[in-house]
Amino acid sequence: GAGVSQTPSNKVTEKGKYVELRCDPISGHTALYWYRQSLGQGPEFLIYFQGTGAADDSGLPNDRFFAVRPEGSVSTLKIQRTERGDSAVYLCASSSLAGAYEQYFGPGTRLTVT
Amino acid sequence: AQSVTQLDSQVPVFEEAPVELRCNYSSSVSVYLFWYVQYPNQGLQLLLKYLSGSTLVKGINGFEAEFNKSQTSFHLRKPSVHISDTAEYFCAVSAGRGAQKLVFGQGTRLTINP
């Protein structure tokens, strides 16, 4: 079946603008995760959802970052007042109990803040 | 809290030679360990995982890893590499089974020379 998809694949925005990044998880996966990968680094956890609720948002760097998953499927990561330091690849993953919660990753959205 | 250290940022090897990518972790609780591979311009793919049981785990593409609790290590090995193994490899740890965030190391770039 289809894997995790993320849109857009690339996003260039100006400093101070608002951006939304979308993640479509594998159908039926109850858990959804967001990570951020800066150049030359491993992915860093941001937030994860179990169903519609954020089960752990301890990785969100500040209150400019927010994520939602209103119907327990698609999720949107929202970044307000973007800064150049927000430039990174944003990765989404999903998992399910049936799959022993193995995380399947999407291809990522490359965000560049100019 | 968990942390992961990948001791080598880059590992160059010749084709058909053996390779070992090193990973050490720290945690105050029992952990579950993973190796992911990231091919150029692609998402992360799970190579193998250790949850419990045998300390030697086998994964895809001929890779294997050994969990060593006393040395807090989870090194990845392959007896004979191929050009197609050129990629970035990430070691990751989670605090337990279920929907848990992953903590990643900084990655090791494996370069295979003909």
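Each remark here, short or long, concerns the structure printed above.
In this report, we go over the structure that sits alongside the text.

Reading the values: rules and limits
Residues numbered from 1 in each chain as written. Chains lettered and ligands numbered in written order. Predicted model: local features only at pLDDT ≥ 70, side-chain atom pairs only at ≥ 80, totals over all residues. Heavy atoms only, no water. Helix = DSSP H or I, 4+ residues; strand = E, 2+ residues; numbered from the N terminus. Contact = heavy atoms within 4.5 Å. Polar contact = N/O pair within 3.5 Å; in protein donor to acceptor, adjacent residues only side chain to side chain. Disulfide = S-S within 2.5 Å. Buried < 20%, exposed > 50% of the residue type's maximum accessible area, 1.4 Å probe, protein only. Core = buried A, V, L, I, M, F, W, Y, C linked by side-chain atoms within 4.5 Å. Phe/Tyr/Trp six-rings, centres within 6.5 Å; stacked < 30°, edge-to-face > 60°.

Examining the environment of A:Asp86
Residue and element names in this part refer to chain A. Structurally, Asp86 is set in the loop between strand 8 (75-79) and strand 9 (88-95). Through-space distance from the C-alpha of Asp86 to that of Leu111 is 7.6 Å; in sequence the pair is 25 residues apart. Ignoring sequence-local partners within four residues, the contact set of Asp86 consists of Arg36, Arg64, Phe65, Ile79, Leu111 and Val113. There is a polar contact of 2.8 Å between the side chain of Asp86 and the backbone nitrogen of Glu83.

Some thoughts on the state of the cysteines
Residues and elements named next belong to chain B. A complete count under the given rule lists two disulfides over all chains for this structure. Two residues, Cys23 and Cys91, share a disulfide whose sulfurs are 2.0 Å apart. Here Cys23 and Cys91 share a disulfide; its torsion about the S-S bond, -65°, makes the bridge left-handed. Taken as a pair, Cys23 in strand 4 (residues 23-26) and Cys91 in strand 10 (residues 87-94) lie far apart in primary sequence, 68 residues in all. Here Cys23 matches Cys91 in class, with each residue buried.

Thoughts on the nonpolar core
All names here are of chain B. Formed by 28 residues in total, the largest nonpolar core has its most connected members in Trp35, Leu48, Phe74, Leu76 and Tyr89. With four residues, the single largest contributor to this core is strand 10. Each residue touching Phe74, except ones within four places of it in the same chain, is listed here: Cys23, Leu33, Phe34, Trp35, Leu48, Lys49, Tyr50, Val57, Ala65, Glu66 and Phe67.

Things to note about the side chain of A:Gln6
All names here are of chain A. Of note, Gln6 is situated in strand 1 (residues 5-7). Judged by relative accessible area, which is 6%, Gln6 ranks as buried. From its side chain, Gln6 meets the backbone oxygen of Tyr90 in a polar contact 2.9 Å long. For Gln6, the side chain forms a polar contact with the main-chain nitrogen of Cys92, separated by 3.0 Å. Apart from the residues lying within four places of it in its own chain, the contact partners of Gln6 are Arg22, Trp34, Tyr90, Leu91, Cys92, Gly106, Pro107, Gly108 and Thr109.

Concerning the packing of aromatic side chains
Residues and elements named next belong to chain A. In the structure shown here, the tally under the stated rule is 14 aromatic pairs over all chains. Each ring, one from Tyr35 and one from Phe45, has its centre 5.9 Å from the other, and the planes form 70°; the classification is edge-to-face. One end of the pair, Tyr35, is in strand 4 (residues 31-37); the other, Phe45, is in strand 5 (residues 44-50), and ten residues separate them in sequence. Residue Tyr35 is classed as buried on the basis of its relative accessible area, which comes to 0%. A relative accessible area of 10% means that Phe45 is categorised as buried.

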